[in-house]
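If you want the building blocks of each chain, they are given just below.
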Amino acid sequence: MRIYVLALDGVFDTGISVVLDALQTANELAEMSKLSGPRFDVTVVGMRREVTTSLGHTIPAKSAGRRSPPDWVIIPALGFKMPGPLQAALARPDVREATKALRSWATRGSNVAAACIGTFVLAESGLLDDHEATTTWWLSPLFRQRYPRVRLDESRMIVSSGKIVTAGAALGHMDLALWLIRRTSPKLAALTAKYLIVDSRPSQSAYIVADHLAHSDPLVERFERWVRGHLAQGFSLDAAAEATRSSKRTLGRHLQSAIGKSPQSYFQELRVEHAVHLLKTTHDGVDAIAAKVGYGDGITLRNLLRKQLGVGVREIRRYR
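One structure accompanies this document, and this report is about it.

What counts as what
Residues numbered from 1 in each chain as written. Predicted model: local features only at pLDDT ≥ 70, side-chain atom pairs only at ≥ 80, totals over all residues. Heavy atoms only, no water. Axes fitted to C-alpha atoms, helices over the stretch in contact; angles between N-to-C directions. Helix = DSSP H or I, 4+ residues; strand = E, 2+ residues; numbered from the N terminus. Parallel < 35°, antiparallel > 145°, perpendicular 65-115°, else oblique. Left-handed = near helix turned anticlockwise from the far one by under 90°. Contact = heavy atoms within 4.5 Å. Nonpolar A, V, L, I, M, F, W, Y, C, P; charged D, E, K, R; others polar. Buried < 20%, exposed > 50% of the residue type's maximum accessible area, 1.4 Å probe, protein only. Arc of directions from axis to C-beta. Core = buried A, V, L, I, M, F, W, Y, C linked by side-chain atoms within 4.5 Å. Pairing = 2+ DSSP bridges. Polar contact = N/O pair within 3.5 Å; in protein donor to acceptor, adjacent residues only side chain to side chain. Expected span 1.5 Å × (residues − 1). Phe/Tyr/Trp six-rings, centres within 6.5 Å; stacked < 30°, edge-to-face > 60°. Lys NZ or Arg CZ within 6 Å of the ring centre and 35° of its normal.

Details of the packing of helix H1 (residues 13–32) against helix H7 (residues 186–196)
- In the contact formed by H1 and H7, the axes pass within 9 Å of each other and the chain directions differ by 115°. One finds that H1 runs roughly perpendicular with respect to H7. Like other packed secondary-structure pairs, H1 and H7 cross with a definite hand, here right-handed. Seen from H1, the contacting residues are Ala22, Thr25, Ala26, Leu29, Ala30 and Met32; seen from H7, they are Leu188, Leu191, Thr192, Tyr195 and Leu196.
- Residues of the contact of H1 with H7, tallied by class, amount to nine nonpolar, two polar and no charged.

Right under this line is the structure:
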């Protein structure tokens, strides 16, 4: 399987290293274990012959110009964590050249994958329009603003849509690499994960700092403060609109724009977030915690943790 890893100036060091190391490890384990199936022929390509990483290291790269289409193109993150520097980077000539190359490869049959802030480069190409995708959770408000045609769900770790795959923040690069390995051999992917000591992370929800997203919009921030004071009482859209000095329609529109959720679903998300916090920081029983966040019993809370986060109480308490 031919894979191009598209490296641009400012590439996130950990991101590109994780992708390359995971695929190389998979190749080595496949040989060691005598597993059948294709190997990963990986080439680092760029718009320039040398790429400078976010930490100032130099990576040699094959020229992306006029190269034949690979089976997969992987776009690691750029090392810009805040909106201002990221938007400046996206306006660079090499990024514009990269989006042109991505469109060319995709037109000629290549699959395309991106992780973390690499999803912004992919979205710049237009290839994500009308597709489902995920991205770096703390930059999801900016992503929605720049790319309204993309159906974004930042709670998910991996989203596959047609011939395009996107992965979540930072170490979502590992989830993406394992997803690609799993397509050729589930057994090899499981073996690679064991050797690298990587747990399954089906969702970003457990890692999202909800109030970070809320602070991107003053109205959403007011709603978030109101929610945190009423978790045990239950949700009322009328009461929420009155408390935030807005209409129900305006409140819903601002929440959808900032975080892609309805008021009620965001209320539910904050309940689960607070329950996870209590599970990690207290020794309270599940029933007691359920009552503190407005659920009638621990069974409901357990089911929601499994449904929304993909993990249970035991897994959460392992990391406290």
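Considering helix H2 (residues 83–90)
- For H2, every residue scored as buried is listed here: Leu86, Ala89 and Leu90. Seen end-on, H2 carries its buried residues on one side only, within an arc spanning 100°.
- Buried residues along H2 sit in contact with helix H3 (93–107), helix H4 (118–124) and helix H5 (140–146).

Here we look at the environment of Leu86
- Mapped onto the fold, Leu86 is located in helix H2.
- Exposure remark for Leu86: the relative accessible area of 0% places this residue in the buried category.
- Through-space distance from the C-alpha of Leu86 to that of Arg48 is 20 Å; in sequence the pair is 38 residues apart.
- Setting aside its immediate chain neighbours within four residues, Leu86 contacts Phe80, Ile117, Phe120, Leu139 and Leu142.

Quick word on the nonpolar core
- Ranked by internal contacts, the top residues of the largest apolar core, which has 40 residues, are Leu102 and Phe120.
- Among the secondary structure elements, those contributing two or more residues to this core are strand E1 (2–6), strand E6 (72–75), H2, H3, strand E7 (111–115), H4 and H5.
- Counting residues per element, this core draws most heavily on H3, at five residues.
- If we skip the residues at most four places from it in the chain, Leu102 touches Leu6, Val73, Ile75, Val112, Val121, Leu122, Ser125 and Leu127.
- Counting 35 residues, the second-largest nonpolar core is a separate cluster that includes Ala61, Ile74, Ala167 and Ala177.

Considering the environment of Glu50
- Assignment of secondary structure puts Glu50 in strand E3 (residues 50–52).
- With 260 residues separating them in the primary sequence, Glu50 and Gly310 have C-alpha atoms 41 Å apart.
- Once residues within four sequence positions are removed from consideration, Glu50 is found in contact with Asp9, Thr58 and Ile59.

Quick look at the sheet that holds strand E11 (residues 164–167)
- The mixed open sheet is built from seven strands, whose spatial order is E5-E2-E1-E6-E7-E11-E10. Because the sheet does not close on itself, it has two edges, and the strands there are strand E5 (62–63) and strand E10 (158–161).
- As defined by bridge partners, E7 adjoins E11 across four bridges and the pair is classed as parallel. Within the sheet, the bridge partner assigned to Val112 lies in E11 and is Ile164.

Notes on the side chain of Thr282
- Positionally, Thr282 belongs in the loop between helix H12 (263–281) and helix H13 (286–292).
- For Thr282, a relative accessible area of 19% corresponds to the buried category.
- For Thr282, the side chain forms a polar contact with the main-chain oxygen of Leu278, separated by 2.7 Å.
- Separated by 3.3 Å, the side chain of Thr282 and the backbone nitrogen of Asp284 make a polar contact.

Observations concerning helix H14 (residues 298–309)
- Counted at 1.5 Å a residue, the expected span for H14 with its 12 residues is 16 Å, and the 16 Å between its end C-alpha atoms agrees.
- Between the side-chain oxygen of the N-cap and the backbone nitrogen of Ile299 there are 3.0 Å, and the N-cap of H14 in question is Asp297.
- Just beyond H14, the residue with positive phi is Gly310, at close to 75°.

As for the packing of aromatic side chains
- Following the criterion strictly, the structure yields 10 aromatic pairs and no others.
- Between Phe235 and Phe267, the ring centres sit 5.3 Å apart and the planes meet at 55°, which makes this aromatic pair tilted. One end of the pair, Phe235, is in the loop between helix H9 (218–228) and helix H10 (237–243); the other, Phe267, is in helix H12, and 32 residues separate them in sequence.
- One aromatic cluster is present, built from ring pairs that chain together Phe223, Trp226, Phe235, Tyr266 and Phe267.
- The ring of Tyr295 carries the charged tip of Arg271 above its face, separated from the ring centre by 5.0 Å.

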